[in-house]
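Overview (structure and organization)
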Amino acid sequence: MYESKDKMVSHPDHYQSEKGIELIDVIEAFTADLTGIEAIDTGHIIRYGCRWMNKNGIQDLEKLMWYCQHLIDHLRKKEIKETLENRIKKIDEFDIIPEEETRNE
């Protein structure tokens, strides 16, 4: 793995705990089962939540809120899509014709 001689590149203080835990390891552990935007947003939420006191203060907390809302919006859309897909699947399984279609015949 690449290591820079510049500590701000490879191991910046604002990405390490006082006990030496690296933020990259925390993000990797907590996003291991996630993919796509869910992994990305979760990683950013963790990142900004961990560093706000040592880097950009309120701005980092606002970034955390932005990524959190982005993730919530994504999950709500995903939930709606899955609900609709399940309803369509049930209609197909039971060969049910919605009431509106029976009126038009």
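Read on for an overview of the structure. (Residues numbered from 1 in each chain as written. Predicted model: local features only at pLDDT ≥ 70, side-chain atom pairs only at ≥ 80, totals over all residues. Heavy atoms only, no water.)

1. Things to note about the packing of aromatic side chains
Tallied over the entire structure, the rule returns 2 aromatic pairs. Between Y48 and Y67, the ring centres sit 6.0 Å apart and the planes meet at 15°, which makes this aromatic pair stacked. Of the two residues, Y48 sits in helix α3 (residues 36-51) while Y67 sits in helix α4 (residues 58-94), which places them 19 residues apart along the sequence. Of the residues examined, Y48 reaches a relative accessible area of 6% and is grouped as buried. (Phe/Tyr/Trp six-rings, centres within 6.5 Å; stacked < 30°, edge-to-face > 60°. Helix = DSSP H or I, 4+ residues; strand = E, 2+ residues; numbered from the N terminus. Buried < 20%, exposed > 50% of the residue type's maximum accessible area, 1.4 Å probe, protein only.)

2. So, the packing of helix α2 (residues 23-31) against α3
The interhelical angle for the contact between α2 and α3, taken along N-to-C directions, is 140°, at an axis separation of 10 Å. The interaxial crossing formed by α2 with α3 has right-handed handedness. In this structure, α2 uses L23, V26, I27, F30 and T31 to contact α3, whose residues at the interface are A39, T42, G43, I46, R47 and C50. (Axes fitted to C-alpha atoms, helices over the stretch in contact; angles between N-to-C directions. Left-handed = near helix turned anticlockwise from the far one by under 90°. Contact = heavy atoms within 4.5 Å.)

3. Concerning the environment of A39
With respect to the helices, strands and loops of the structure, A39 is situated in helix α3. In this structure the C-alpha to C-alpha distance between A39 and E28, which are 11 residues apart in sequence, comes to 9.3 Å.

4. Things to note about α4
Taking 1.5 Å of rise per residue, 37 residues should cover 54 Å, and α4 covers 54 Å from first to last C-alpha, within 8% of that figure. Buried residues along α4 sit in contact with α3. (Expected span 1.5 Å × (residues − 1).)

5. Regarding the packing of α3 against α4
Between α3 and α4, whose axes approach to 8 Å, the crossing angle comes to 155°. Classified by the interaxial angle, the pair formed by α3 and α4 is roughly antiparallel. For the pair α3 and α4, the sense of crossing is left-handed. Residues I37, E38, D41, T42, H44, I45, Y48, G49 and R51 of α3 form the contact with α4, whose participating residues are D60, K63, L64, Y67, C68, H70, L71, H74, L75 and K78. The class makeup of the residues in the contact of α3 with α4 is 8 nonpolar, 5 polar and 6 charged. (Parallel < 35°, antiparallel > 145°, perpendicular 65-115°, else oblique. Nonpolar A, V, L, I, M, F, W, Y, C, P; charged D, E, K, R; others polar.)

6. Side note on the environment of T42
Residue position: T42 is located in helix α3. Relative accessible area serves as the criterion here: at 17%, T42 is assigned to the buried category. For the pair T42 and L71, spaced 29 residues apart in sequence, the C-alpha separation works out to 7.7 Å. What T42 contacts, discounting residues up to four positions off in sequence, is F30, T31, L34 and L71.

Just distances and angles here, no functional claims.
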